[in-house]
Amino acid sequence: MLDARSKVVVIGAGPVGLAAAAHLVNAGMTPIILESGDSVGASIRKWSHVRVFSPWQYNVDPLAKSMLEATGWELTDPNGYPTGGEIVREYLEPLAAHSDIAPHLRYGARVVSVTRLGFDKMKTSGRDSAPFVLHVSMDDGTDEHLIAAAVIDASGTWEKPNPIGSSGVPAIGEHEAADRIWYGIPDVIDRERARYAGKRVLVAGSGHSAFNALADLVTLARDEPGTEIIWAVRRGDTRQMFGGGDADQLPERGSLGSRIEQYLATGLIRIVTGFRVARIDRTSDGLVVSSATESLTPVDEIIAATGFRPDLSIVSELRLGLDPAVESPTALAPLIDPNVHSCGTVRPHGYRELAHPEPNFYIVGMKSYGRAPTFLMLTGYEQVRSIVAALAGDFERARNVELVLPETGVCSVDLTGSTAASSCCGPNVAPVAQLIGVTTERVPVLAGRSDIV
């Protein structure tokens, strides 16, 4: 149990980080919220044009909501589906400006490392009683050390995109072609229109971020002659890739999958299956992307919708309990690892599942899911509620799950090429954790942790 005067550092001022701060204030503890960007929701602002498929009620922390409502704030449409930009403007900015939160926010503060004061990873005796020390680099060029009794890392994964290379490392030539590669979902309709209009564009990835990018490129191509779309996916069997269509329990997701199938059938998108990127070469005719056995026709631009991974470099001197594959806390990994199950339940979880051998250090939100592609924002809010209750010594409340997840069917990646997951998007699947989804203004889209945010 921490003293009420204890300082708890929260890394990241996104939705889960600000929720953690709200719960800490409510518990009588003092948060220090470090945000590397110059505003709240810095990562979300990078996909501000994208509309989430989960309604407002699943994107707002209940305690933060009550704090805001006490000031006269209200959601304009609780059942509506906000864009990333609307989440920032209508929820995160008012929460950051709240009198209980604003004094504790520090922008332009990038965490370089988190360690135990006076202890490297090898030293044990007296370790658990030592405070944490965070090396923080400020935008003004100064560095400082912050001392904290506990640390909640809600820094997300957006700044660590997966490379295009199929072996988990950059393909040969990927770094050299970086100026022609966009990692994530560019706004090809508006902000980045000039970059993609009339160009030959390769989209790499088979998740719903790729669907999002493809759908917008089709819209662009209808207005901009000469825009060509090639889609490269690693899997050879695409039968389970498009979701459940009309039977999908998330109608907007099903609609998107059906649209992409239709675009393929009508030739608006050319797909290349079983393609594992090995190298990218600059030529006089454009970028040539190759696998070990074949090369694609030259393209002008590449959109890498290949997911994200956690940056663990800042905590390399802490003792962490991480699954070797998923890179999530060990107890959480079997619930979210797509290598283990096709469909199932990702039950609400809290401080016990998120604990590490390093007491009072927690990774939360999307980063807690490591490389797994399933995450619901509401689950992140429950994570921090439980953790703060544990830090305050209220272990009964910390253990008591207070979250009812929406009933949704989620289809996983079909790693075997079988049809084992064929029923996952039907109407009779078990409740599972809804991914934090995204849709464009024009086309409904789903995206998980590794797809967006």
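Nothing here was measured: the structure is a model prediction, and the numbers come from that model. (Residues numbered from 1 in each chain as written. Predicted model: local features only at pLDDT ≥ 70, side-chain atom pairs only at ≥ 80, totals over all residues. Heavy atoms only, no water.)

S.K.: Quick question: what am I supposed to make of the pattern of salt bridges here?
M.R.: Tallied over the full model, the rule gives 19 salt bridges. In this structure, the salt-bridge partner of lysine 367 is aspartate 153, at a minimum N-O distance of 2.7 Å. Placement of the pair is lysine 367 in the loop between β16 (361–363) and α9 (377–391) and aspartate 153 in strand β8 (residues 150–153), with a sequence separation of 214 residues. We classify lysine 367 as buried; its relative accessible area is 2%. Since its relative accessible area comes to 0%, aspartate 153 is described here as buried. For arginine 193, the salt bridge goes to glutamate 224, with nearest N and O atoms at 3.2 Å. (Salt bridge = Lys/Arg side-chain N within 4 Å of Asp/Glu carboxyl O. Helix = DSSP H or I, 4+ residues; strand = E, 2+ residues; numbered from the N terminus. Buried < 20%, exposed > 50% of the residue type's maximum accessible area, 1.4 Å probe, protein only.)

S.K.: Quick question: what am I supposed to make of the sheet that holds strand β4 (residues 105–107) here?
M.R.: Pairing between sheet strands relies on hydrogen bonds along the backbone, with the strands arranged either parallel or antiparallel. If you walk across this open sheet you meet the five strands as β4-β2-β1-β8-β16, and the pairing is parallel. Edge positions in the open sheet fall to β4 and β16, since each of these has one partner strand only. Adjacent strand axes in the sheet meet at a mean angle of 15°, parallel and antiparallel pairs treated alike. The strands that α9 touches are β1 (7–11), β8 and β16; relative to β8, the one it contacts most, it runs at about 175°. (Pairing = 2+ DSSP bridges. Axes fitted to C-alpha atoms, helices over the stretch in contact; angles between N-to-C directions. Contact = heavy atoms within 4.5 Å.)

S.K.: How should I be thinking about the side chain of aspartate 187 in this particular structure?
M.R.: Note on placement: aspartate 187 falls in the loop between β9 (181–183) and α4 (193–196). A polar contact is formed between the side chain of aspartate 187 and the backbone nitrogen of aspartate 190, at a distance of 3.2 Å. Those residues in contact with aspartate 187, other than ones at most four positions away along the chain, are His49, Glu192 and Arg193. (Polar contact = N/O pair within 3.5 Å; in protein donor to acceptor, adjacent residues only side chain to side chain.)

S.K.: What's the story with the sheet that holds strand β7 (residues 143–148) in this structure? I'm lost.
M.R.: Reading across the sheet, the three strands line up as β5-β6-β7 and stay open at both edges, with antiparallel pairing between neighbours. Sheet topology places β5 (109–116) and β7 at the edges, where each strand pairs with a single neighbour. Going from strand to strand, the sheet's axes swing by 25° on average, the running direction of each strand aside. Relative to strand β6 (residues 132–138), β5 is paired through seven bridges, and the arrangement is antiparallel. The residue of β6 that forms the bridge with valine 111 is valine 136.

S.K.: Help me understand the packing of aromatic side chains in this model?
M.R.: For the structure on display, the rule yields six aromatic pairs. Relative to tryptophan 231, the ring of phenylalanine 211 has its centre 5.7 Å away and its plane inclined at 85°; by these criteria the two rings are edge-to-face. Taken together, the residues span a long stretch of sequence, with phenylalanine 211 in helix α5 (residues 208–223) and tryptophan 231 in strand β11 (residues 228–232) at a distance of 20 residues. A relative accessible area of 0% means that phenylalanine 211 is categorised as buried. Summarising the aromatic geometry, the rings of tyrosine 351 and phenylalanine 395 are spaced 5.9 Å apart at their centres and angled 50° between planes, so their arrangement reads as tilted. One end of the pair, tyrosine 351, is in helix α8 (residues 351–354); the other, phenylalanine 395, is in helix α10 (residues 395–399), and 44 residues separate them in sequence. (Phe/Tyr/Trp six-rings, centres within 6.5 Å; stacked < 30°, edge-to-face > 60°.)

S.K.: Sorry, what's going on with helix α1 (residues 15–26) here?
M.R.: Under the 1.5 Å per step criterion, the end-to-end length of α1 is 17 Å for twelve residues, consistent within 8% with the ideal 16 Å. Burial analysis of α1 places ten of its twelve residues in the buried class, which makes it a mostly covered element. Just beyond α1, the residue with positive phi is glycine 28, at close to 85°. (Expected span 1.5 Å × (residues − 1).)

S.K.: I keep staring at the nonpolar core and nothing clicks. Help me out?
M.R.: Considering soluble globular proteins, one finds that nonpolar side chains tend to be buried as a cluster. In terms of nonpolar packing, the biggest core is built from 66 residues, with Leu18, Tyr91, Ile101, Ile152 and Leu391 touching the most fellow members. Going through the elements one at a time, β1, α1, α2 (62–69), α3 (84–97), β8, α7 (333–336), α8 and α9 are the ones with two or more residues in this core. Among the elements that line this core, the one with the most residues is α9, at nine residues. Excluding anything up to four places from it in sequence, leucine 18 contacts Gly12, Ala13, Val40, Leu92, Leu95, Ala96, Ile101 and Leu105. Core analysis: the second largest hydrophobic core is formed by 25 residues, Val188, Ile189, Ile269 and Ala305 among them. (Core = buried A, V, L, I, M, F, W, Y, C linked by side-chain atoms within 4.5 Å.)

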